[in-house]
Amino acid sequence: MSKLTFDISVSLDGFVAGPNPGPDHPLGEGGMQLHEWIFGLESWRAPHGEPGGATGPVDDLVKEQFESAGASIMGRGMFGGGDGPWDESWKGWWGDDPPFRHPVFVLTHHPRETLTFDNGSSFTFVTGGIESALEQARAAAGEKNVAIGGGADTIQQYLRTGLVDEFQLHVVPVLLGAGIRLFDDAGAGELERVRVVDSTEVTHLRYRPLR
């Protein structure tokens with residue numbers, strides 16, 4: 001069976017987004033600092049239609065994460081578009097060329113027809129909860145993994161239920177001081193450290209929850 005995973009950048013003080021997130025700052029104030037390390041990598045630039053980029057061990061682990069996922073799950077906040085019934089004109093933060101290239105399942109309380117894109121990306125809106133989303137995502141992923149794209153609340157829900165098989169943290173040497181924490185409501189449990197990849201900018205830690 002495919003694994004359920006997540007891969008996320010986190011500040012040294014445990015935040016995945018800064019304070020006061022909104023349309024102008026989806027990752028909160030200062031939150032974009034958590035992702036600057038990835039923008040120059042070939043593995044990030046290629047799915048976003050950008051040429052070139054750095055290669056090496058860090059690029060390899062990001063490429064591994066992209067290539068291992070056959071479907072993704074995300075919360076409505078990560079897909080965006082506000083609360084309440086859907087504004088059908090909103091198609092996500094990524095425009096007409098989402099970088100996923102596979103089916104994405106969006107957790108929501110409001111039904112909406114599936115959105116499909118020419119590059120293989122699609123967004124299916126799931127109102128039946130996290131287990132329904134996982135079942136649909138696993139069916140779509142086949143032998144590949146299912147990746148939880150975020151945000152923190154969605155990751156916490158899957159951690160609390162013990163459904164996560166493995167995850168990777170990119171620990172960025174910055175202190176945000178406030179914002180959205182990754183593990184505030186994730187339950188308790190022991191972790192096995194699977195891999196550490198260090199670099200001058202970020203430390204990459206892979207863990208497996210022990211059940």
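Okay, so let's go over this structure.

## Details of the overall build of the protein chain
(1) Moving on: Per the secondary structure count, the protein chain includes 5 helices and 11 strands.
(2) Moving on: By the compact-globule yardstick of 17 Å for 211 residues, the protein chain fits well, its C-alpha radius of gyration being 16 Å.
(3) Moving on: Principal axes of the C-alpha set define a box for the protein chain whose edges measure 45 × 40 × 35 Å.
(4) Moving on: Burial statistics for the protein chain: of 211 residues in total, 44% are counted as buried.
(5) Moving on: Within the protein chain, contacts between residues at least 6 apart in sequence are counted, and of these 64% link residues at least 24 apart.
(6) Moving on: Just so you have it, the protein chain exposes about 10,800 Å², and 51% of that area is on carbon and sulfur atoms.
(7) Moving on: Counting 16 positive and 30 negative side-chain charges, the protein chain places the averaged centre of each group 4 Å from the other.

## Side note on the sheet that holds strand S6 (residues 122–126)
(1) Moving on: With mixed pairing, 9 strands are arranged side by side in an open sheet as S5-S6-S4-S3-S7-S1-S8-S11-S10. Both edges of this open sheet fall to strand S5 (115–116) and strand S10 (191–198), since each of them pairs with a single strand only.
(2) Moving on: The strands touched by helix H2 (residues 57–68) are strand S1 (4–11), strand S3 (69–75), strand S7 (145–150), strand S8 (166–172), S10 and strand S11 (203–209); relative to S3, the strand with the most contacts, the crossing angle is about 85°.
(3) Moving on: Docked against the sheet, helix H4 (residues 130–141) engages S1, S3, strand S4 (103–107), S6 and S7, running at close to 160° with respect to S3.

## A closer look at the environment of Asn20
(1) Moving on: Turning to its location among the elements, Asn20 is positioned in the loop between strand S2 (15–17) and helix H1 (42–45).
(2) Moving on: Between the C-alpha atom of Asn20 and that of Gly179, which follows or precedes it by 159 residues, the distance is 7.3 Å.
(3) Moving on: Other than its neighbours up to four places away in sequence, Asn20 contacts His25, Gly28 and Glu29.
(4) Moving on: At 3.1 Å, the side chain of Asn20 forms a polar contact with the side chain of Glu29.

## A few points about the nonpolar core
(1) Moving on: Grouped together as the largest cluster of nonpolar side chains are 29 residues, with contacts concentrated most on Phe6, Ile73, Tyr158, Val164 and Leu169.
(2) Moving on: Looking at this core, the elements that each hand over two or more residues are S1, S3, S4, H4, S7, helix H5 (152–160), S8 and S11.
(3) Moving on: Top contributing element to this core by residue count: H4, with 5 residues.
(4) Moving on: One finds Trp37, Ile38, Val62 and Val172 within the second-largest nonpolar core, a separate group that totals 14 residues.

## Some points on H2
(1) Moving on: Look at H2: 16 Å from first C-alpha to last across 12 residues, which is about the 16 Å you get at 1.5 Å a residue.
(2) Moving on: Buried within H2 are the following residues: Val58, Asp59, Leu61, Val62 and Gln65. Each buried residue of H2 lies within a common arc of 165° when the element is viewed along its axis, so the set occupies one face. Among the exposed residues of H2, those pointing more than 90 degrees away from its buried face are Pro57 and Glu67.

## Comments concerning the pattern of salt bridges
(1) Moving on: Tallied over the entire structure, the rule returns 14 salt bridges.
(2) Moving on: Between Arg101 and Asp97 there is a salt bridge whose closest N-O contact spans 3.7 Å.
(3) Moving on: A relative accessible area of 34% means that Arg101 is categorised as partly exposed.
(4) Moving on: Among the residues examined, Asp97 registers a relative accessible area of 40% and is labelled partly exposed.
(5) Moving on: Measuring nitrogen to oxygen at the nearest pair gives 4.0 Å for the salt bridge that ties Asp184 to Arg181.
(6) Moving on: The class for Arg181 is partly exposed, based on a relative accessible area of 34%.
(7) Moving on: Salt bridges sharing partners connect three or more residues here, namely Lys3, Glu64, Glu166, Glu192, Arg195, Arg206 and Arg208.

Thresholds, definitions, all that
- Residues numbered from 1 in each chain as written.
- Predicted model: local features only at pLDDT ≥ 70, side-chain atom pairs only at ≥ 80, totals over all residues.
- Heavy atoms only, no water.
- Helix = DSSP H or I, 4+ residues; strand = E, 2+ residues; numbered from the N terminus.
- Rg over C-alpha atoms; globule rule 2.2 N^0.38 Å.
- Buried < 20%, exposed > 50% of the residue type's maximum accessible area, 1.4 Å probe, protein only.
- Contact = heavy atoms within 4.5 Å.
- Areas by Shrake-Rupley, 256 points an atom, 1.4 Å probe, with all protein chains shown as cover.
- Lys, Arg positive; Asp, Glu negative; His and termini not counted.
- Charge placed at Lys NZ, Arg CZ, Asp CG, Glu CD.
- Pairing = 2+ DSSP bridges.
- Axes fitted to C-alpha atoms, helices over the stretch in contact; angles between N-to-C directions.
- Polar contact = N/O pair within 3.5 Å; in protein donor to acceptor, adjacent residues only side chain to side chain.
- Core = buried A, V, L, I, M, F, W, Y, C linked by side-chain atoms within 4.5 Å.
- Expected span 1.5 Å × (residues − 1).
- Arc of directions from axis to C-beta.
- Salt bridge = Lys/Arg side-chain N within 4 Å of Asp/Glu carboxyl O.

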